[in-house]
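Structure at a glance
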Amino acid sequence: MDNPWWHRAVVYQIYPRSFADADGDGMGDLRGIIARLDHIAALGVDVIWLSPICTSPQDDNGYDISDYQDIDPLFGTLADFDELLAAVHDRGMRLVMDLVVNHSSDEHAWFQQSRAALNSPKRDWYWWRPARAGMEPGTPGAEPNNWGSVFGGSAWEYDPATGEYYLHIFSRKQPDLNWENSEVREAVYAMMNWWLDRGVDGFRMDVIDHISKDTSLPDGAVPQGSLYGVGAPHYMNGPRNHEFLHEMHERVFAGREPLLTVAEMPGVTIDEAIRYTDPARREVDMVFQFEHVFVDRGPDPWLLYPLRLPVLKGILGRWQAGLADVGWNSLYWNNHDQPRVVSRYGDDSPEFRVRSAKMLGAILHLHRGTPYVYQGEELGMTNAPFASIADFRDIEALGHFAQATEHEGHAPEDVLTVLRARGRDNARTPMQWDDSPQAGFTSGTPWLAVNPNYTDINAAAAAADPDSVYHFYRKLIALRHEEPVVVYGDFTMLLPDHEQLYAFTRRHDDVELLVIGNFSGERVRADLPSAEAWAGAELVVSNAPAPTDFDLEPWQVVIYRRRA
Ligand code: TEU
């Protein structure tokens, strides 16, 4: 089989509410995106992934959809969408939609009908259950099982209208759809086909390893100090998940290539990822796995754990080896759910921000897989200085803060320390376009405060500075497009136990690359097992003066090329 186009592609993720506001209401919109497309095209990316833009009460910023076949008025209209799609295609890029079908909004007509009566024809489209046996419905502890929701509190909401509970793994405004019911699946496939007929080029599928659940919905284990049981083992990667995705492929994707289908899968293992992305099984093109962004989390969510580089390399190295022959992976540091990587794994001080952002970009883009650039990453945007809980907007941050401080006995300052480092709003502060008021994002009041560092860190300044993170990312993307070894080369990790250096080689036919990144603020010399072989190699990329004897500056990254 020919190698698919998306092996060579780079994806750019837009979080529409924070990207560009054309109408001055403080919220990004589709016309704002259209006006800024040239910034993205100039980076050289192949695909744009849009976080959700469909009609939504915005309880989880659009990941709660009440009409899958219309655009939320906050963002524009279907006519604006068609114009955006054409403008993306005109620039030689493709557009991928966010598909949020593990759950809908509770304001979706499907759920409204489902909740109306026990005998509603749509009752079984969601997960309704009576109270725990022997308990009075609606009283504490009477929930059908002990699962906690991802955003804090129980995963069950009592609905007095019919005296039953419905399941919501995320917020109570995000009821889980019941994929066991074939009518649900057919309705979703029809909606997906409608978007593809409109011209979109694929889907990024939200928490798509949650759609098959253990239908007995058993209690989960309760971690020490927690109010709720962990449901994930019973709702992640459930017994029918592969079957459902294969069916989706048959009903929606087959015969429509070229498409891109990306499965966001928080709990996926390497073995499962191979199965989901093995082309012969006809399920999805690539997964979005989470292991490398959980590396600085521990069993206690209210403790911050420092990055241990050997652990990070162990994880990413295992994924490289695991998917070497069959399957494909997405490569990302950032998205709308993650803190900014330069603040997290790099150094966002004025001295090293630019250099460490470039180092992180180079390490990621030189792995095998499809790299994702999240809006602002190409500028080296940083975490935000949130002063108090009032500065946060994210339902996850607010839910965890309430649960931890009101019910689990944590001090507010301690919880804030964690939210400042981890909170999703770090990724959601408005895109920094220039040094004008509100960073050129809006003429109004932004829905989430602009990071005050926009006067230095912004797209206009980056475009004008040949040494910016932005131009470095352009170079990395061009290298992937020009050098087959970046796309197809095999991957060998070097110095796996080194605490400061991330080093590896890539090889394809007779071309070999050596990549070394210094994850520290100190000079570090790399003692490579094969140093002589690289003596005359060409230095193709570096973010600091060329080193002698692999003696790297703080946060330096180097990429050498040679012919074997
Ligand atoms: O996120 C999936 C997910 O697992 C998140 O809960 C994530 O792990 C967590 O927020 C990290 O702090 C997807 C979307 O990307 C996210 O924005 C949505 O809130 C979530 O699904 C529900 O749709």
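All figures in this text were calculated on a predicted structure; none of them were measured in a lab. Residue numbering note: each chain is counted from 1, following its sequence as written. Since the coordinates come from a predicted model, pLDDT governs what is reported: local features require at least 70, and pairs of side-chain atoms require 80 or more to be given and counted, while whole-chain, interface and lining totals use all residues. To get the side-chain values, all heavy atoms of the structure are used, and hydrogens and water are removed first.

1. Concerning the overall build of the chain
The cut-off we apply is this: Strands here mean DSSP runs of E at least two residues long; helices mean DSSP runs of H or I at least four residues long; both are numbered from the N terminus. Partly exposed residues are those whose accessible area sits between 20% and 50% of the maximum for their type, while under 20% is buried and over 50% is exposed, using a 1.4 Å probe and protein chains only. Contact between two residues is taken to exist if any of their heavy atoms lie within 4.5 Å; hydrogens are not considered. To measure how exposed things are, a 1.4 Å probe is used in the Shrake-Rupley method; for residues, cover is taken only from the protein chains shown. The charge count treats Lys and Arg as positive and Asp and Glu as negative. His and the chain ends do not count. Lysine's charge is taken at NZ, arginine's at CZ, aspartate's at CG and glutamate's at CD.
In terms of helices and strands, the chain carries 17 helices and 20 strands. Considering the chain as a whole, with its 564 residues, one finds that 59% of them fall into the buried category. Across the chain, the fraction of contacts at a sequence separation of at least 24, relative to all contacts at a separation of at least 6, is 70%. When the accessible surface of the chain is summed, it comes to about 20,900 Å², and 50% of that surface belongs to carbon and sulfur atoms. Taking the average location of the 48 positive side-chain charges in the chain and that of its 84 negative ones, the two points are 3 Å from each other.

2. Focus: the packing of aromatic side chains
Operational definition: Working definition: rings of Phe, Tyr and Trp (its six-membered ring) pair if their centres are within 6.5 Å, and the pair is stacked with planes under 30 degrees apart, edge-to-face with planes over 60 apart, and tilted otherwise. By definition here, charges over rings are those cases where NZ of Lys or CZ of Arg is within 6 Å of the ring centre and within 35 degrees of the ring normal.
Applying the stated criterion across every chain, the model contains 27 aromatic pairs. Between the aromatic rings of W110 and W125, the centroid separation amounts to 5.2 Å while the plane-to-plane angle is 65 degrees, which identifies the pairing as edge-to-face. Here the residue W110 occupies a position in helix α4 (residues 109-116), and W125 occupies one in the loop between α4 and β6 (128-129), the gap between them amounting to 15 residues. Among the residues examined, W125 registers a relative accessible area of 6% and is labelled buried. Judged by centre distance (5.8 Å) and plane angle (25 degrees), the rings of Y502 and F519 are stacked. Of this pair, Y502 sits in strand β15 (residues 501-508) while F519 sits in the loop between β16 (511-518) and β17 (524-525); the two residues are 17 residues apart in sequence, bridging distant segments of the chain. For Y502, a relative accessible area of 0% corresponds to the buried category. For F519, a relative accessible area of 10% puts it in the buried group. Put simply, the rings of W49, F288, Y332 and Y372 touch in pairs and so form one group of aromatic residues. The ring of W447 carries the charged tip of R17 above its face, separated from the ring centre by 4.4 Å. Above the ring of W128, the side-chain terminus of R123 is found at 3.8 Å from the ring centroid.

3. Overview of the sheet that holds strand β7 (residues 156-159)
The cut-off we apply is this: When DSSP locates at least two bridges between a pair of strands, those strands are taken to pair.
Across the sheet, 3 strands lie side by side as β6-β8-β7; this open sheet has antiparallel pairing. Each edge of the open sheet is held by one strand with a lone partner, namely β6 and β7. Where β7 meets strand β8 (residues 164-167), 4 bridges bridge the pair, whose relative direction is antiparallel. By the bridge assignment for β8, W156 is matched with L167.

4. Quick word on the packing of helix α3 (residues 78-90) against helix α5 (residues 182-198)
The condition that has to hold: Fitting a line to C-alpha atoms yields each axis, with helices limited to the stretch in contact; the angle taken between N-to-C directions then spans 0 to 180 degrees. Working rule for angles: under 35 degrees goes down as roughly parallel, over 145 as roughly antiparallel, 65 to 115 as roughly perpendicular, anything else as oblique. Here the nonpolar group is Ala, Val, Leu, Ile, Met, Phe, Trp, Tyr, Cys and Pro; Asp, Glu, Lys and Arg are the charged ones; every other residue, Gly included, is treated as polar.
In contact at an axis separation of 11 Å, α3 and α5 are set at 55 degrees when each is read in the N-to-C sense. Considering the angle they form, α3 stands oblique to α5. Residues L78, F81, D82 and L85 of α3 lie in contact with α5, whose contacting residues are W194, W195 and R198. Taken together, the residues of the contact of α3 with α5 sort by class into 5 nonpolar, no polar and 2 charged.

5. Here's the deal with the site of the ligand
Our working rule: Proximity is defined per residue: if any heavy atom of the residue lies within 4 Å of a molecule or strand, that residue is considered near it. Throughout this description, a polar contact denotes any pair of N or O atoms lying within 3.5 Å of each other; where both atoms belong to protein, one of them has to be capable of donating a hydrogen while the other can accept it, and for residues adjacent in sequence the pair is counted only when both atoms sit in side chains.
Around the ligand lies a shell of 19 residues, among which D60, D206, H336, D337 and E396 are the nearest. Between an oxygen atom of the ligand and a side-chain N or O atom of R204, the distance comes to 3.1 Å. In isolation the ligand has 500 Å² of accessible area, and contact with the protein removes 95% of it. Looking at the shell around the ligand, its residues break down into 7 nonpolar, 3 polar and 9 charged.

6. What about the nonpolar core?
For the record, the criterion: In this text, buried Ala, Val, Leu, Ile, Met, Phe, Trp, Tyr and Cys residues form a nonpolar core when linked through side-chain atoms within 4.5 Å.
Ranked by internal contacts, the top residues of the largest apolar core, which has 150 residues, are F81, M192, W195, F203, M248 and F519. In terms of residue count, the dominant contributor to this core is α5 (8 residues). Other than its neighbours up to four places away in sequence, F81 contacts L30, L50, I53, I71, L95, M97, W195, R198 and V200. Ranked by size, the runner-up nonpolar core spans 16 residues in total, among them A155, Y165, V207 and Y235.

7. Quick look at the confidence of the model for the chain
Note the following rule: Residue-level confidence of the predictor is summarised by pLDDT, bounded by 0 at the bottom and 100 at the top.
On average, the chain scores 97 in pLDDT, and the residues at 70 or more come to 100%. At the level of individual helices and strands, the chain shows its lowest average pLDDT in helix α12 (residues 395-407), which scores 93, and its highest in strand β1 (residues 11-14), which scores 99.

8. A closer look at unusual backbone geometry
Each neighbour pair has its own omega, and for E257 with P258 the value is 5 degrees, a cis peptide bond. Relative to the elements of secondary structure, P258 occurs in the loop between α7 (241-253) and β10 (260-264). The backbone phi angle of Q58 is positive, close to 65 degrees, even though this residue is not glycine. Positive phi outside glycine occurs at D509, with the angle close to 50 degrees.

9. A word on the side chain of N543
As for its position among the elements, N543 is in the loop between β18 (538-542) and β19 (551-552). Among the polar contacts made by the side chain of N543, one reaches the main-chain carbonyl oxygen of W555 at a distance of 3.0 Å. A distance of 2.8 Å separates a polar atom in the side chain of N543 from the backbone nitrogen of V557. Leaving out residues up to four positions away in the same chain, N543 has contacts with R355, K358, M359, F472, W555, Q556 and V557.

10. A short note on the environment of D348
Turning to its location among the elements, D348 is positioned in the loop between α10 (341-344) and α11 (353-365). According to the relative accessible area criterion, D348 is partly exposed, its value standing at 36%. Sequence separation between D348 and M381 is 33 residues, and the spatial gap between their C-alpha atoms is 8.8 Å. Residues contacting D348, with those up to four places away along its chain left out, are V342, S343, R353 and T382. Side-chain polar atoms of D348 contact the side chain of S343, separated by 2.7 Å.

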